[in-house]
Amino acid sequence: MSSSLMHHRGQMSEAFRTVMFLSASGGLQDAYTYIGRGKVFANAQTGNIVLMSQSLFEGDLARFCHYFVPVLSFALGVAAAECIRLRWRQAKRVHWRQLVLLAEIAMLFAVGFFPSEWDMAANALVSFSCAMQVQAFRKVHSYPFASTMCIGNLRSGMDALVAFGHTRNKQLLWKSLHYFAIIFIFALGAGVGAQCIALFGAKTIWLSCALLVVSLCFMFIREDLPELETELKK
């Protein structure tokens, strides 16, 4: 038997059922901060950087800070997730990615209590937690992906689809469907979030917490995964 077919008991950080709840949560978070917290993107930092640059050249320093804070928070969130990985990657009882999710859930739950006057702090915490998630969860069934943004997933999905059309390799079709499904779930989360903001206001973010709790629960299940498709200590 070739090494690519070997299996072992793996932790479900890369399983699709885990990832789909992460992606729905990511879409909801973007809708939450943009619609409910002053038109700031929690995940799409490219948009924030464009608006930040525009405000800087217009001399609007208050608006500049409005977009600079989430960008800085996102960068710090990436660093925080990596520090957790380096500190806890050898832990036996809990996986470091579970610690990341626990921290994210706690921060997002706190954001639900923030009044509208605290929008900048709310956006900072949501961006920080989003960055931790995107840094910690970077693969689904061994395919690189992002759970909190779509542009890379769209590129990868179309790349795999074109390759399938050229080679007729069904594995490439399966790969492209993974990416398109994740994009759909992200969009679904954003749509649900947009509708819920009108009903629940700032507390809509607690729905994101609930989605992350589901992913966290899945991560306590261990299943047979291909040897080359899982990196337990990465």
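Shown above is the structure to which this text applies.
Residues numbered from 1 in each chain as written. Predicted model: local features only at pLDDT ≥ 70, side-chain atom pairs only at ≥ 80, totals over all residues. Heavy atoms only, no water.

Undergrad: Tell me about a nonpolar patch on the surface, and please be specific about residues and values.
TA: On the surface, Leu154, Met158, Leu161 and Val162 cluster together into a nonpolar patch covering about 340 Å² of accessible area. Following the sequence through the fold, Leu161 ends up in helix 6 (residues 151-167). (Patch = residues over 30% accessible without salt bridge, like charges linked within 9 Å, V, L, I, M, F, W, Y side chains within 5 Å. Areas by Shrake-Rupley, 256 points an atom, 1.4 Å probe, with all protein chains shown as cover. Salt bridge = Lys/Arg side-chain N within 4 Å of Asp/Glu carboxyl O. Helix = DSSP H or I, 4+ residues; strand = E, 2+ residues; numbered from the N terminus.)

Undergrad: Tell me about the packing of aromatic side chains, and name the residues and values.
TA: Inspection of the entire model under this criterion finds 7 aromatic pairs. Centre to centre, the rings of Tyr34 and Phe41 are 4.8 Å apart; their planes meet at 25 degrees, and the pair counts as stacked. Residue classification places Tyr34 among the partly exposed positions, given a relative accessible area of 31%. Classification of Phe41 by relative accessible area gives partly exposed; the value is 23%. Judged by centre distance (5.0 Å) and plane angle (20 degrees), the ring pair of Phe109 and Trp206 falls under stacked. Taken as a pair, Phe109 in helix 4 (residues 96-111) and Trp206 in helix 8 (residues 205-218) lie far apart in primary sequence, 97 residues in all. For Trp206, a relative accessible area of 25% puts it in the partly exposed group. Here the guanidinium or amino end of Arg87 rests over the ring plane of Trp88, the centre of that ring lying 4.4 Å away. (Phe/Tyr/Trp six-rings, centres within 6.5 Å; stacked < 30°, edge-to-face > 60°. Buried < 20%, exposed > 50% of the residue type's maximum accessible area, 1.4 Å probe, protein only. Lys NZ or Arg CZ within 6 Å of the ring centre and 35° of its normal.)

Undergrad: Can you lay out the side chain of Ser23 for me, pointing to particular residues and giving the numbers?
TA: Here Ser23 shows up in helix 1 (residues 16-36). The buried category is assigned to Ser23, whose relative accessible area is 0%. Contacts of Ser23, omitting those with residues within four sequence positions, involve Phe145, Ser147, Ile182, Ile185 and Phe186. (Contact = heavy atoms within 4.5 Å.)

Undergrad: Explain the pattern of salt bridges to me, using residue names and the numbers behind them.
TA: Taken as a whole, this structure holds 2 salt bridges when the rule is applied. Between Arg37 and Asp119 there is a salt bridge, and its shortest N-O distance comes to 2.7 Å. One end of the pair, Arg37, is in the loop between helix 1 and helix 2 (45-57); the other, Asp119, is in helix 5 (residues 119-136), and 82 residues separate them in sequence. Look at Arg37 and you get buried, because its relative accessible area is 2%.

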